[in-house]
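Architecture and fold: a report
Listed below, chain by chain, are the residues.
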Amino acid sequence: MSAIQTRNNRVVSREDIPLLPIDQFCAFLTDQSNHGKRPVMFFGLPFEDRTTDEVIVYSIMAHDESSSLSITSCLMKRGESYPSLTQQFPAFHIFERELFEQFGITPALHPWLKPVRFDYRRLDESSNIINYPFFHMEGEELHEVAVGPVHAGIIEPGHFRFMCHGERVHHLEIQLGYQHRGVESLFEFNGKKGRRQIPIQLAESIAGDSVIAHASACAQAIESLSHCDIPLRAAAIRGIALELERIGIHIGDLGAIANDIAYLTGNAVFGATRTLVINTSLAICGSRFGRGWIRFGGVPFDIDESLRSRIRATLEKVEHDVVLMGETMFSSPNVLTRLEKTGILEHQKAKDIGMVGMAARASGVQLDVRSDHSYGIYKNFPIYKITLESGDVFARAYIRYIEIRKSIAFIYELLDNLPQGNTMKPIEMSLAPNSMTISMVEGWRGETVHALITDKEGNIARYKIKDPSFHNWFGLALAVRENGVSDFPLVNKSFNLSYCGNDL
Amino acid sequence: MFDMLKIRINQGSQAIKDVRKAVIPLPFRGFPVISPQECKGDNKACNACLEGCPTNAIHINQETRKLSIDIGKCVFCGDCVRNCKENKIAFSNFHKIAATNPNTLVLEAGMTPEDFYSNAIKARDQIKKIFGRSLKLRQVSAAGCNGCEMELNACSNVNFDMQRFGIEFVASPRHADGIVITGPISQNMSFAVEDTFNAVPQPRIVILVGSCAISGGVFASSPALNREFLEKYPVDLYIPGCPTHPLTFINGVLDFLGQ
Ligand code: SF4
């Protein structure tokens, strides 16, 4: 057997995960990729106490149609090299770069072997954020435009290097890592100290616009490892929280897109409507971004009768305003000429590079964790996948508009059918020893994954986090090619990727 | 055309009329009120609040057995409220929690929001004279979670409309009177923070927004940070929160400007 089959939120014993020799490992992943599976995670775990050069590389492949995940592993050494999978399957490109940066394991013939985030634990310390090896292009009418890390607005830091021919972008290189603050290692230290609980507040701070997505992924992983089934009512409220986050950010993004094309009414109206949504979150849990709402064992904030009718009334107003504004905006020729055919990411490219989430669905890639790897309340209240085909800014804007309304309808349904019972279950924080679990959540941006590995004592040996942005930044780089450089802000906004989620 | 009119009439005016008096409704967690009574426990304090706190924001004085909370470290998660069996800690919705001296942010048992607010911000005449009617700020985001950035952006939206007070975020540090730092400042971002600050013409101010910037927040113990900038240059204003609410920011700056 080359791999062990599992599912979202199941626990497997590490002893059951096959440890393959390198050639068999690569052959297996090649075979899987040829049969429609895609990499969900691919990362290293330093062997035992980090004193040897050995690294166990884990690979998790998803078969979305059958909701299954297959885990396999391989023992490699720092400084070792193996034939890169990226050549054939570009979806591995970012994972292989990460593995190279962290452990110096070289994927031979990788076409783009550059740093990912300048991890403070990286092997090669001479490589740092000042000397990133940019590509160069030479020629008489060619020029480069460099922007960042500090941008014009209040935005996270990142560096963009455009190689242009006149106004046209030939190639964009995105250099990240400025937001790297060692999140994964903080989980690992904290888990080791034993005294302290695993800080879910840290999960809430992986990406401040995806608090619920990351906190839910973290909570589900810990709950699986400590065999805790949360009450159904808690699961339902987590569903409301996640959809509310999606609605709030999507509306804000429509406002930001409107702003970038100087459609100021759209910006003002969507901005004000977003405030209603995030203030609803505040009315429930005390934070506009859902901090404190998700805790191990359930949710400490219930939704009582009066809150329920308030949420419903607010969402009705939100729906009304969004539809009024959206119908006008998306039927205005001025708006459409700016959005349509701008920043196209073709279906095949999106699929090949492993795009996930809303941006992938806008390019016709049928992926949504809520239905592919269903979890929590989505098992009882299924979600249907929505895709658009054109892959341009319009598609990424319009899919948000559709999703906002779908999510509002979903919340209505949950509010009308809120299961009875408690919202918290006492949880004994003793994690299954020598185990692994994979926790996937569909945040507003896409597939959010936390993979946890425990050691013999049940401490956290590895806490691996994947924000959807980790896959999707490359999609942005491809989408701006052959566009005017002045369209970059608009295309960028249509993806709205997370810097801190990538940098960790 | 008519659609636009309909939308505008439907929206009306969205601006908060009096930003100085506006109240954020509970369960918003603002100023934490700590009971003046000592912690009983069996023979010593029970430490449940300390142990569950992700940022070591709580301190128990072993002699008086009284609690204090450093809101420069606190991320307002509310876990300590649930962890305390004796209801010693309660978060009020009082949001004007900025201070000019970081020591003021350590809240002692029995302190009321009024006690705190009455001496948290020492407005300087010079600041008032130079920046009182117009303050342009350059924001630098340095390894946080983008939460504070979203709230700082919200300060300029139609609801909060901070520009009405002459306070504005600008694109170039050359046009700015100071910088606003968010995030715990990573090693990878440290040089850019300093470069940006040095590009601001003097006189200039430094404002720290959010627990991460003030103390490192949940990332305080990370080896990936480099907070030397804060040892090198004086900080003028500390505005706590996780993330900092727009009303906390706007009121903090207005108080600082003596408006
Ligand atoms: S609310 Fe503040 S003091 Fe209380 S546990 Fe959370 S971070 Fe610590």
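Residues numbered from 1 in each chain as written. Chains lettered and ligands numbered in written order. Predicted model: local features only at pLDDT ≥ 70, side-chain atom pairs only at ≥ 80, totals over all residues. Heavy atoms only, no water.

Turning our eyes to something else, we now look at the overall build of chain B. Along the backbone of chain B there are ten helices and ten strands. Across the 259 residues that make up chain B, the buried fraction comes to 58%. Restricting to contacts in chain B with at least 6 residues of sequence separation, those with at least 24 account for 76%. Counting every atom, chain B has about 11300 Å² of accessible surface; 51% of that belongs to carbon and sulfur. Taking the average location of the 27 positive side-chain charges in chain B and that of its 24 negative ones, the two points are 5 Å from each other. (Helix = DSSP H or I, 4+ residues; strand = E, 2+ residues; numbered from the N terminus. Buried < 20%, exposed > 50% of the residue type's maximum accessible area, 1.4 Å probe, protein only. Contact = heavy atoms within 4.5 Å. Areas by Shrake-Rupley, 256 points an atom, 1.4 Å probe, with all protein chains shown as cover. Lys, Arg positive; Asp, Glu negative; His and termini not counted. Charge placed at Lys NZ, Arg CZ, Asp CG, Glu CD.)

A separate point is the state of the cysteines. Under the criterion given, the structure shown has zero disulfides over all chains. Between A:Cys500, a cysteine without a disulfide, and B:Cys145, which holds the nearest cysteine sulfur, the sulfur-to-sulfur distance is 6.1 Å. As a non-bridged cysteine, B:Cys155 has B:Cys148 as the owner of its nearest cysteine sulfur, 10 Å distant. (Disulfide = S-S within 2.5 Å.)

This brings us to the environment of B:Cys84. With respect to the helices and strands, the residue B:Cys84 is situated in the loop between α3 (79–83) and β4 (89–91). Judged by its relative accessible area of 14%, B:Cys84 falls in the buried class.

Let us now look at the sheet that holds strand β2 (residues 58–61) of chain B. Residue and element names in this part refer to chain B. In space, the three strands of this open sheet follow the order β2-β3-β5, with antiparallel pairing throughout. The open sheet is flanked by β2 and β5 (106–108), the only strands paired with a single partner. Averaged over all adjacent pairs, the angle separating strand axes in this sheet is 25°, with direction ignored. By the bridge criterion, three bridges tie strand β3 (residues 66–70) to β5 in an arrangement that is antiparallel. Following the sheet pairing, serine 68 is matched in β5 by glutamate 108. (Pairing = 2+ DSSP bridges. Axes fitted to C-alpha atoms, helices over the stretch in contact; angles between N-to-C directions.)

Right, let's talk about the site of the ligand for a bit. The environment of the ligand is formed by B:Cys53, B:Pro54, B:Thr55, B:Ala57, B:Ile58, B:Cys74, B:Val75, B:Phe76, B:Cys77, B:Gly78, B:Cys80 and B:Phe91. In terms of residue class, the shell around the ligand is made up of ten nonpolar, two polar and no charged. (Near = heavy atom within 4 Å. Nonpolar A, V, L, I, M, F, W, Y, C, P; charged D, E, K, R; others polar.)

Residue and element names in this part refer to chain B. Pairing within the open sheet is parallel, and its five strands lie in the order β7-β6-β8-β9-β10. The open sheet is flanked by β7 (167–169) and β10 (237–239), the only strands paired with a single partner. Neighbour-to-neighbour, the strand axes of this sheet turn through a mean angle of 25°, independent of strand direction. In this structure, strand β8 (residues 178–182) lies alongside strand β9 (residues 205–209), joined through five bridges in parallel fashion. When the sheet's bridge partners are listed, valine 180 is paired in β9 with isoleucine 207. Where helix α6 (residues 147–154) meets the sheet, its contacts fall on β6 (135–141), β7, β8 and β9, and the angle it forms with β8 comes to roughly 135°. Against the sheet, helix α10 (residues 246–256) engages β6, β7, β8, β9 and β10, with an angle of about 160° to β10.

All names here are of chain A. The end-to-end C-alpha separation of helix α5 (residues 211–225) is 21 Å, in line with the 21 Å expected for 15 residues at 1.5 Å each. The buried count for α5 comes to 15 of 15 residues, which makes it a mostly enclosed element. A positive phi of about 50° marks histidine 227, the residue just after α5. (Expected span 1.5 Å × (residues − 1).)

Here we take up the domain arrangement of chain A. One frequent convention defines the size of an interface as the accessible area lost when the parts assemble. All names here are of chain A. Each assigned domain of chain A is listed with its residue range as follows: domain 1 (1–116) and domain 2 (183–503). Relative to domain 2, the C-alpha centre of domain 1 lies at a distance of 26 Å. A buried area of about 3000 Å², summed over both sides, lies between domain 1 and domain 2, and 59% of it is on carbon and sulfur atoms. When the area that domain 1 buries against domain 2 is broken down by residue, the three leading residues are Asn8, Asn9 and Arg14, summing to 20%. One can count two salt bridges joining domain 1 with domain 2. There are 18 residue pairs in polar contact (both at pLDDT 80 or more) connecting domain 1 and domain 2. Listing elements by their share of the side of domain 1 that touches domain 2, those giving two or more residues are β2 (11–13), β4 (38–46), β5 (54–63), β6 (68–77) and α2 (93–103). Per-class residue counts for the side of domain 1 that touches domain 2 are 19 nonpolar, nine polar and eight charged. (Domains from an automatic or database assignment. Buried area = accessible area lost by both parts, 1.4 Å probe. Salt bridge = Lys/Arg side-chain N within 4 Å of Asp/Glu carboxyl O. Polar contact = N/O pair within 3.5 Å; in protein donor to acceptor, adjacent residues only side chain to side chain.)

What describes a pair of aromatic rings is the distance from one ring centre to the other and the angle between the planes of the rings. Residue and element names in this part refer to chain A. Tallying each qualifying case throughout the model produces 30 aromatic pairs over all chains. Between the aromatic rings of phenylalanine 160 and tryptophan 473, the centroid separation amounts to 6.3 Å while the plane-to-plane angle is 40°, which identifies the pairing as tilted. Remark: tryptophan 473 occurs in helix α14 (residues 469–479) and phenylalanine 160 occurs in strand β10 (residues 159–165); sequence separation between them is 313 residues. When its relative accessible area of 5% is taken as the criterion, tryptophan 473 is described as buried. Here phenylalanine 160 and tyrosine 499 contribute two aromatic rings whose centre-to-centre distance is 6.5 Å and whose plane-to-plane angle is 75°, an arrangement assigned as edge-to-face. Of this pair, phenylalanine 160 sits in strand β10 while tyrosine 499 is found in helix α16 (residues 499–503), placing the two residues 339 residues apart along the sequence. Under the relative-accessibility criterion, tyrosine 499 is labelled buried at 4%. Of note, arginine 312 hangs over the ring of tyrosine 412, and the distance from its end group to the ring centre comes to 4.1 Å. (Phe/Tyr/Trp six-rings, centres within 6.5 Å; stacked < 30°, edge-to-face > 60°. Lys NZ or Arg CZ within 6 Å of the ring centre and 35° of its normal.)

Our focus in this paragraph is the environment of B:Cys39. Its place among the elements puts B:Cys39 in the loop between β1 (32–34) and α2 (48–52). Between the alpha carbons of B:Cys39 and B:Phe94 there is a distance of 24 Å; along the sequence they are 55 residues apart.

Contact residues are listed per partner, giving 61 residues for chain B and 61 residues for chain A. Where chain B abuts chain A, roughly 4800 Å² becomes buried across the two surfaces, and 60% of that area is made up of carbon and sulfur atoms. On inspection of chain B and its partner chain A, the count reaches two salt bridges. For B:Glu151, the salt bridge is made with A:Arg288, and the minimal N-O distance between the two is 2.7 Å. Connecting chain B to chain A are 20 residue pairs in polar contact (both at pLDDT 80 or more). Residue assignment for the side of chain B that touches chain A shows that the elements contributing at least two residues are α1 (2–11), α3, β6, α6 and α7 (187–198) of chain B. By residue class, the composition of the side of chain B that touches chain A is 33 nonpolar, 18 polar and ten charged.

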